[in-house]
There are 2 protein chains.
Amino acid sequence: MSKKSKQMLFNAFTQCSICHHSKGQWKNPIDGSSQGYKEIEYWVNLAKKLEEGCFDALFLADIHGTYNVYKNSREAAIRHSVQFPSNDPTLPISAMAYATKHIGFACTYSTTYFHPYQTAKLFSTLDHLTRGRVAWNIVTSYIADANENFGLGNKLMDHDQRYDRADEYMDVVYQLWEHSWEEDAIVKDIENDVHTDPSKVHEINFEGDYFNVIGPHMCEPSAQRTPVLYQAGQSSRGLTFAGRHAEGVFGMFPNIDACKKSVLSYREAAFNQGRAKDDIKIFPGVTVVVAETDQEAKDKFEEAKSYTSPEGSLALFSGWAGIDLAELDSTDNLVEMKTDAIQGLLSALVVIDPEREWSLEDVADYMAVGSLMPKIVGSASSVADELEQWIDETDCDGFNLVPVNQPSGFADFVDLVVPELQKRGRMRTRYSGSTLRENYFGNGEARLRPKHPAHSSLPEWKKNCG
Amino acid sequence: MSKKSKQMLFNAFTQCSICHHSKGQWKNPIDGSSQGYKEIEYWVNLAKKLEEGCFDALFLADIHGTYNVYKNSREAAIRHSVQFPSNDPTLPISAMAYATKHIGFACTYSTTYFHPYQTAKLFSTLDHLTRGRVAWNIVTSYIADANENFGLGNKLMDHDQRYDRADEYMDVVYQLWEHSWEEDAIVKDIENDVHTDPSKVHEINFEGDYFNVIGPHMCEPSAQRTPVLYQAGQSSRGLTFAGRHAEGVFGMFPNIDACKKSVLSYREAAFNQGRAKDDIKIFPGVTVVVAETDQEAKDKFEEAKSYTSPEGSLALFSGWAGIDLAELDSTDNLVEMKTDAIQGLLSALVVIDPEREWSLEDVADYMAVGSLMPKIVGSASSVADELEQWIDETDCDGFNLVPVNQPSGFADFVDLVVPELQKRGRMRTRYSGSTLRENYFGNGEARLRPKHPAHSSLPEWKKNCG
């Protein structure tokens, strides 16, 4: 079956921060993130290593506040460097692009804190500098604390309204990227002294409920025009948003069954928006620890667990859930708590072992390495077996690799697992296209697929052209 | 006299755009900016060349709208690529920093369109990635059109209010950069499982007329903490702002007398704010065309003038003046026009030749190459003579070099003028310090000087510490 032989796509998931999803690993002598995250050579070397392993992209998260729900304080987040400090992920990209040829770069950028006119300019610039190797992870932001850094009060906008606003935001950037500049606007007509034909560069004159933007776009068309679009909303409204806009989805799915259901619902969501089911690529997060043998991998995993900071994990979980876990007894069974937020997150754990009572200690222990990602620990062959099972049974398209240690976890994967997957015909052995969208969708597919709504989000001038 | 032997500092001034200050040069076969401005190799090669010439910094301008005053239309600006398109200047920096060791990077970033919390994060990240080689050119933005791209209506904020707001903006970023993180906050105490000491990372709890920012800053302290601060305001209010905040000033001064007066007034302005007169470095813009002999340089200059686009120059001048020059006859004498804006700009031309009537044609002709910068055309020796005269008579500190053609104009300067200036002891032959601030102020001066107001813009927690 062709489906069974589907090749795997791979993104490396991290943040310009310390021990991204594995709190406490800064104490592990093999971890370099605490010093490296701020250094340009660290990022360049990582990008080169990932390109050696034919990865599709380096995927960078970002936040704009601190996790301050746990004990109603920032202390634990600061102490254990829970995604804090966090440097700007857009800025190391040009260095990495300069030192590589093929690998793409996915950047988290918030629709809440940045204006769409600037966002459009930023991603167009990156797409030019990388020659079409950039993706945007669209987030509406979930940390209320961040709002207080941007003068927006101490509450998040209503969840559904946040998505309505984000839909309008997307219309603005689509019109700037896809419809403001015609493809042949730059003519360089020396005889008539015309560098750019003004009749082919258009205002968008966008007037919406949230944004008014006159245009034209500040940038000429880049290789991809619109960056590859990522999104990760798992709520009902978030799913609709992803179905409409996303070309890639990153998710934390606790096991194969949960992932399979989500993959189906994302494909349905795309289909319901008039797109093809495979117009959306789905990347479950996985935390892999690999070594020469299964036993060595297990030892490495246990070794890593000896460096964890449980309080850091609880600060992260409390921030995600919006509930202060410190108010519970460490042995309380969280499964019995009825709040939606906590159940949503716990579902990740509950499905793994429905019989188990999950106490705070258990949660902290499970999240200690790779937070809520499923953990795959073993030799290259064992890891490859498990990844094959995931992709064959869930119909996902690839994985967001979340290592325990950085950069060594990425390097181990490239050195050990990638050759095994390549041997099995499950991973590319060289890049074919030249843009990131081509990595994902195939050679010649540098631009958004025909049914993507960006094509039909027309500014007035284009509507009037018939 | 020690003053007479003052060494010259040099910035290369341009924009991620086409033919920055010399409209029409895209037609000149030696000009590479029309293709190169969007390519990473172009910027990396330029940075390496400038570092070969011991330049202090590459200085990148930026805008967020089109010059649409001329003929009440964007047409001329688009046709002649008048700083349009314009890519984001912050994004190529990491690539250039990766390929170099010493040269700095000054970036224009607007206080009107970007929130201070993000601006602080952006420059801290750049300062980390470059290991202390970044400067911020603070602008309040002068193109009304840009406001319509950011949903701010079609008028600029009142000029003085814009500066009041910018003063408050600076207080926010100072508190984030200088006072949110104590120097020794990162402790990496393995025994007690403390990566960062929470008692040394502080909220700023800023509540102002324009901004409310709780903090703490998202980034740990970088080599310079606060980037080197540039500003270019020449109005009375702008001068006060520069006197308070700026460590570097870039100006367009038409001749030595005008420059001398401005240098004095900047130093006075710094002194009036309690700073030392030499705490502010002043860089007049100069357009240099250099060749092996005076005659060859003159020929090259005339050759360049044959590629100009006068309409592009008038669109630029109209945008700066806020007055549609197309409404005048091409032979009208602009000197007789009484508007402040036009007189302010024309003063640049009038002082050059007080007897002359300046018609539109004359203005377009003068601005054709290097816009309002004084032009210095000749052999390396002649150029060096003239630059020596400028620095000795005006007491400026160096120059912002504005070439006619890019990147060749920069390369010519490095290949011909730099060795001549070095031979005369007027330019460094190697870098001494490692940060940009040290390039400007001397080894060991990586941080803001003691009397800079950033040190006294204290958040509550620090005030309360006595």
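Scoring rules and cut-offs
- Residues numbered from 1 in each chain as written.
- Chains lettered and ligands numbered in written order.
- Predicted model: local features only at pLDDT ≥ 70, side-chain atom pairs only at ≥ 80, totals over all residues.
- Heavy atoms only, no water.
- Domains from an automatic or database assignment.
- Contact = heavy atoms within 4.5 Å.
- Buried area = accessible area lost by both parts, 1.4 Å probe.
- Salt bridge = Lys/Arg side-chain N within 4 Å of Asp/Glu carboxyl O.
- Polar contact = N/O pair within 3.5 Å; in protein donor to acceptor, adjacent residues only side chain to side chain.
- Helix = DSSP H or I, 4+ residues; strand = E, 2+ residues; numbered from the N terminus.
- Nonpolar A, V, L, I, M, F, W, Y, C, P; charged D, E, K, R; others polar.
- Phe/Tyr/Trp six-rings, centres within 6.5 Å; stacked < 30°, edge-to-face > 60°.
- Buried < 20%, exposed > 50% of the residue type's maximum accessible area, 1.4 Å probe, protein only.
- Patch = residues over 30% accessible without salt bridge, like charges linked within 9 Å, V, L, I, M, F, W, Y side chains within 5 Å.
- Areas by Shrake-Rupley, 256 points an atom, 1.4 Å probe, with all protein chains shown as cover.
- Lys, Arg positive; Asp, Glu negative; His and termini not counted.
- Charge placed at Lys NZ, Arg CZ, Asp CG, Glu CD.
- Least-squares fit on C-alpha atoms with pLDDT ≥ 70 in both.
- Axes fitted to C-alpha atoms, helices over the stretch in contact; angles between N-to-C directions.
- Parallel < 35°, antiparallel > 145°, perpendicular 65-115°, else oblique.
- Left-handed = near helix turned anticlockwise from the far one by under 90°.
- 1 Å grid on protein atoms, 1.4 Å probe; cavity = no way out; pocket = protein on both sides within 12 Å on 5 of 7 lines; lining within 4 Å.
- Points joined across faces, edges and corners; volume = space filled by probe spheres on them.
- Pairing = 2+ DSSP bridges.

Observations regarding the domain arrangement of chain A
Where interface size is given, it is often the accessible area lost as the parts come together that is meant.
Residues and elements named next belong to chain A.
And step 1. Domains assigned within chain A are domain 1 (7-305 + 374-463) and domain 2 (310-367).
And step 2. Relative placement of domain 1 and domain 2: their C-alpha centres are 27 Å apart.
And step 3. Contact with domain 1, which involves 20 residues of that partner, is made by 20 residues of domain 2.
And step 4. Three residues, Val69, Tyr70 and Pro254, lead the burial of domain 1 against domain 2; their summed loss comes to 34% of the area buried on that side.
And step 5. Viewed at the interface, domain 2 and domain 1 are joined by three salt bridges.
And step 6. Counting across the domain 1 and domain 2 interface gives five residue pairs in polar contact (both at pLDDT 80 or more).
And step 7. Broken down by element, the side of domain 1 that touches domain 2 gets its largest block of residues, three residues, from helix 3 (residues 75-79).
And step 8. Of the residues in the side of domain 1 that touches domain 2, the class split is ten nonpolar, five polar and five charged.

Comments concerning the packing of aromatic side chains
Residue and element names in this part refer to chain B.
And step 1. Evaluated as defined, the whole model comprises 47 aromatic pairs over all chains.
And step 2. Aromatic side chains Phe13 and Phe250 sit 4.4 Å apart centroid to centroid with 40 degrees between the ring planes, which places their arrangement in the tilted category. Taken together, the residues span a long stretch of sequence, with Phe13 in strand 1 (residues 9-15) and Phe250 in strand 10 (residues 248-251) at a distance of 237 residues. With respect to burial, Phe13 and Phe250 carry one shared label: buried.

As for the interface of chain B and chain A
And step 1. Counting from both sides, the interface comprises 79 residues of chain B and, opposite them, 79 residues of chain A.
And step 2. Both faces combined, the contact of chain B with chain A buries some 6,700 Å², and carbon together with sulfur accounts for 59% of it.
And step 3. When the buried surface of chain B facing chain A is broken down by residue, Leu91, Tyr98 and Met218 of chain B rank first, second and third, together holding 11% of it.
And step 4. Our enumeration of links across chain B and chain A arrives at twelve salt bridges.
And step 5. For Glu220 of chain B, the salt bridge identified is with Lys38 of chain A, shortest N-O distance 2.8 Å.
And step 6. The interface formed by chain B and chain A includes 46 residue pairs in polar contact (both at pLDDT 80 or more).
And step 7. For the side of chain B that touches chain A, the secondary structure elements donating two or more residues are helix 1 (33-36), helix 2 (40-52), helix 3 (75-79), helix 4 (93-98), helix 5 (116-129), strand 5 (186-189), strand 6 (194-196) and strand 8 (212-213) of chain B.
And step 8. Take the side of chain B that touches chain A: its biggest share by element is eight residues, from helix 5 of chain B.
And step 9. Here the residues of the side of chain B that touches chain A sort into 34 nonpolar, 25 polar and 20 charged.

Points about a negative patch on the surface
And step 1. Together, Glu292, Glu296, Asp299, Glu302 and Glu303 of chain A give the surface a local cluster of negative charge.
And step 2. Mapped onto the elements, Glu302 of chain A comes out in helix 10 (residues 294-305).

Considerations on the relation of the copies chain B and chain A
And step 1. With an RMSD of 0.0 Å, the fit of chain B onto chain A corresponds to turning through 180 degrees and sliding 0.0 Å along the axis. The symmetry that links the two subunits is that of a two-fold axis. Looking at the rotation axis and the C-alpha trace of chain B, the residue lying nearest is Ala95 of chain B, at 1.8 Å.
And step 2. Here 100% of the contact residues of chain B are again contact residues in chain A; the copies associate through an equivalent surface.

Overview of unusual backbone geometry
And step 1. Pro216 of chain A follows Gly215 of chain A through a cis peptide bond whose omega is 0 degrees.
And step 2. Within the secondary structure layout, Pro216 of chain A lies in the loop between strand 8 (212-213) and strand 9 (228-231).
And step 3. The residue Cys54 of chain B is not glycine, and still its phi comes out positive at about 60 degrees.
And step 4. Relative to the helices and strands, Cys54 of chain B resides in the loop between helix 2 and strand 2 (57-61).

Some words on the packing of helix 2 (residues 40-52) of chain A against helix 15 (residues 408-423) of chain A
All names here are of chain A.
And step 1. Between helix 2 and helix 15, whose axes approach to 9 Å, the crossing angle comes to 20 degrees. Judged by the angle between their axes, helix 2 and helix 15 are roughly parallel. Remark: the crossing between helix 2 and helix 15 carries left-handed chirality. Along the contact surface, helix 2 presents Leu46, Lys49, Leu50 and Glu52, while helix 15 presents Phe410, Ala411, Val414 and Asp415.
And step 2. Here the contact of helix 2 with helix 15 is built from residues that sort into five nonpolar, no polar and three charged.

Observations concerning empty space enclosed by the protein
All names here are of chain B.
And step 1. Summed over the entire model, instances satisfying the criterion amount to four cavities of 30 Å³ or more.
And step 2. Lining the largest cavity, in full, are Ile30, Val288, Val289, Val290, Lys300, Phe301, Ala304, Val404, Asn405, Ser408, Gly409 and Asp412.
And step 3. Contributions of two or more residues to the lining of the largest cavity are made by strand 11 (281-291), helix 10 (294-305) and helix 15 (408-423).
And step 4. Tallied by class, the residues present in the lining of the largest cavity amount to seven nonpolar, three polar and two charged.

Structural notes on the pairing of strand 2 of chain B
All names here are of chain B.
And step 1. Counted residue by residue, strand 2 has five buried out of five residues, so it is predominantly covered.
And step 2. With burial as the criterion, each face of strand 2 is covered, one bearing Ala57, Phe59 and Ala61 and the other bearing Leu58 and Leu60.
And step 3. In this structure, strand 1 lies alongside strand 2, joined through five bridges in parallel fashion. Residue pairing for strand 2: Thr14 is matched across the bridge by Leu60.
And step 4. Here four bridges tie strand 2 to strand 3 (residues 104-110), and the two strands are oriented parallel to one another. Of the residues in strand 3, the one forming a bridge with Ala57 is Gly104.

Looking at the pattern of salt bridges
All names here are of chain A.
And step 1. The final tally for this structure, using the stated rule, is 72 salt bridges over all chains.
And step 2. A salt bridge links Arg237 to Asp164, with the shortest nitrogen-to-oxygen separation between them at 3.0 Å. Taken together, the positions of Arg237 in helix 8 (residues 236-245) and Asp164 in helix 7 (residues 159-179) put the pair 73 residues apart, joining distant regions of the chain.
And step 3. Take Asp164: its relative accessible area is 38%, and that puts it in the partly exposed class.
And step 4. Among the charged side chains, a salt-bridge network with shared partners connects Asp385, Glu388, Asp392, Glu420, Lys423, Arg424 and Arg426.

Notes on the side chain of Thr394 of chain B
All names here are of chain B.
And step 1. Tracing the sequence through the fold places Thr394 in helix 14 (residues 380-394).
And step 2. Since its relative accessible area comes to 2%, Thr394 is described here as buried.
And step 3. A distance of 2.7 Å separates a polar atom in the side chain of Thr394 from the backbone oxygen of Trp390.
And step 4. Within the local environment of Thr394, its side chain forms a polar contact with the backbone nitrogen of Cys396, the two atoms lying 3.0 Å apart.
And step 5. Excluding residues within four positions of it along the chain, Thr394 makes contact with Ile256, Cys259, Lys260, Val263 and Gln389.

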